[in-house]
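# Residue-level structural notes
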Amino acid sequence: MDKKVLVIGAGVAGPILALQLKKIGFDVEIFEARSEGNTKEGAFLGLTPNGLNVLKEFIDLKLLTKDYTPGSMKFFNSKGKQIAKLDTAYQKQQYGVETIQIKRANLTKYVRLAAKAAGIKIWYDKKFISYHEDNKQITANFADGTMVTGYIMLACDGMFSEVRKQLFPNTSALKYTKVISTGGYANVAELSEPLDSIRMNFGERGFFAYSVSDKGEVWWFNNYFREQEPKPKEIEKTLNTEIQAYLADIHQHDDPLFSKIIKNSHQILAYPIYDVPKLLHWYKGRVCLIGDAAHGISPHIGQGASLALEDTVVIAELLKLHKDYRPAFQFFQRERQSRVERVIKSARKVGNTKTKTNPVTAWFRDRLIGLFIKKQIKQLDWIYGWIFPLKNRN
Ligand SMILES: Cc1cc2nc3c(=O)[nH]c(=O)nc-3n(C[C@H](O)[C@H](O)[C@H](O)COP(=O)(O)OP(=O)(O)OC[C@H]3O[C@@H](n4cnc5c(N)ncnc54)[C@H](O)[C@@H]3O)c2cc1C
């Protein structure tokens, strides 16, 4: 098979998708808008067994645990009393791998290196702007005036997908949810040894989570509620100070360690959360949307990367099975949509539990959270234990 597939975006899904396609005989090239060295953006994200089991085919997972924190969690109330525990050790037995948190920049670095090592060309500074197709081929146009032609185009260009806009111009815009996922990195003398779990703290007036990586760096995160959608300039310049001041204020009566972490942060990241409108179709003609481009999800249950990775397995298997892209695209959406919608719903539910605290809900939460988590572990098997039914690889 010498059909060329154009993959737009070298984030998490793009390079792994290219590897899957190359394995089944496609000629693949990736086109990424950002420059080669520009992988700094983004904080850290969760990778759960369903995503890790896709990655492990192409990446030595030991690489990912060179700068990471474990995914186990311990929950504390505002008095510092442990009220629940979610230990991920059981996952190792059940799924062969265990949830971790890693820096997004490292994840993109490793998936790109794996693609490069397999001989896949990644073009940088190639911002997709438009396309046209006929009955033989598709042509993508880039902001630098260049163009490229292929058999099909698979769009892994993320939440703000330009391909999606071109494909379905009448789809409503992304909706700002008034929540900004924030996180940061700090060095704190009292917290220089790696921790076995993420400390999830329901403080007196707000939630604050932190862990310590294998390198002795504190990684923290929480949600910041902001009525007005931040402008890109604000995210770049002033939002960090605004978040830092807000956190210092709401945690002033909590464990003094929180204030120290906030004060000592050498990097603070803000990632506004959007609701992506449900699309009627994920494909049109020779183009199909993959990962966040098709179904962006809030980061509350750490499934954005893992779902995008699952997508790469499914679309590659279907293209192999059907030979023709039309049924492959159709079955791809049919296979994936109900699952991702269910996960998106769960993410929203979890997001709602990290909202502002009031004494009555806090009283109930402190007593019920242990039971809730036990139930959740059983319920999460449908997410973590994912295996694509058509999968038949040697
Ligand atoms: C800069 C950034 C920071 C992020 N930070 C976080 C975070 O802190 N926490 C979290 O949970 N999730 C974060 N995410 C989202 C998370 O990475 C995704 O949910 C997950 O990786 C899904 O993978 P994906 O491949 O579908 O999309 P992404 O990993 O988002 O990859 C999309 C890729 O497409 C490229 N691209 C975009 N537009 C074009 C274009 N017009 N032409 C060519 N290429 C294009 C982007 O530069 C990017 O490399 C971030 C994403 C980005 C892009």
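Here, every reference points to the structure presented above.
Quantities reported herein were computed from a predicted structural model and do not represent experimental measurements.

Each α-helix turn comprises 3.6 residues. Residues three or four places apart therefore point the same way. A rise of 1.5 Å per residue sets the reference length of helix 11 (residues 304-322), with its 19 residues, at 27 Å; its end C-alpha atoms lie 27 Å apart and thus fit the reference within 8%. Across the 19 residues that make up helix 11, a large majority, 16, are buried. Positioned one or two residues after helix 11, K323 has a phi angle of 65 degrees, which is positive.

Right, let's talk about the site of the ligand for a bit. In the vicinity of the ligand there are 31 residues, among which G9, G11, G42, G291 and G304 approach most closely. Elements with a contribution of two residues or more to the shell around the ligand: helix 1 (13-23), strand 17 (265-275), helix 10 (292-295) and helix 11. At three residues, the largest contribution of residues to the shell around the ligand is made by helix 11. Split into classes, the residues belonging to the shell around the ligand amount to 16 nonpolar, seven polar and eight charged.

This next bit is on the sheet that holds strand 7 (residues 100-103). As summarised here, the arrangement of the three strands in space is 3-7-4, forming an open sheet in which the pairing is antiparallel. Strands at the two margins of the open sheet, each flanked by one partner only, are strand 3 (44-47) and strand 4 (68-70). For this sheet, the mean angle separating the axes of adjacent strands, direction not counted, is 25 degrees. Here strand 3 pairs with strand 7 via four bridges, running antiparallel. Counterpart to G46 in the pairing with strand 7 is Q101. Seen against the sheet, helix 5 (residues 104-117) touches strand 3 and strand 7 and runs at an angle of roughly 80 degrees to strand 7.

In this structure, L17, L154, I290 and I315 are the most contacted members of the largest nonpolar core, which totals 105 residues. Counting residues per element, this core draws most heavily on helix 11, which supplies 10 residues. Not counting residues up to four positions away in its chain, the partners in contact with L17 are V7, L154, C156, I290, T312, I315 and A316.

Turning our attention to the environment of R164. Tracing the sequence through the fold places R164 in helix 6 (residues 162-167). A tally of 25 C-beta atoms within 10 Å means that R164 is categorised as buried. Residues R164 and A294 lie 130 residues apart in sequence; the distance between their C-alpha atoms is 7.7 Å. If sequence neighbours within four positions are ignored, R164 has contacts with A155, L289 and A293.

Relative orientation of the contacting elements helix 1 and helix 5 amounts to 30 degrees, with a least axis distance of 8 Å. Here helix 1 is positioned roughly parallel relative to helix 5, judged by the angle of their axes. Helix 5 is crossed by helix 1, and the crossing has left-handed handedness. For the pair formed by helix 1 and helix 5, the contact residues are P15, I16, A18 and L19 on the first element and V111, R112, A114 and A115 on the second. Among the residues making up the contact of helix 1 with helix 5, the classes are represented as seven nonpolar, no polar and one charged.

Conventions we followed
Residues numbered from 1 in each chain as written. Predicted model: local features only at pLDDT ≥ 70, side-chain atom pairs only at ≥ 80, totals over all residues. Helix = DSSP H or I, 4+ residues; strand = E, 2+ residues; numbered from the N terminus. Expected span 1.5 Å × (residues − 1). Buried ≥ 20, exposed ≤ 12 C-beta atoms within 10 Å, placed from the backbone. Near = placed C-beta within 6 Å. Nonpolar A, V, L, I, M, F, W, Y, C, P; charged D, E, K, R; others polar. Pairing = 2+ DSSP bridges. Axes fitted to C-alpha atoms, helices over the stretch in contact; angles between N-to-C directions. Contact = placed C-beta atoms within 7 Å. Core = buried A, V, L, I, M, F, W, Y, C linked by C-beta atoms within 7 Å. Parallel < 35°, antiparallel > 145°, perpendicular 65-115°, else oblique. Left-handed = near helix turned anticlockwise from the far one by under 90°.

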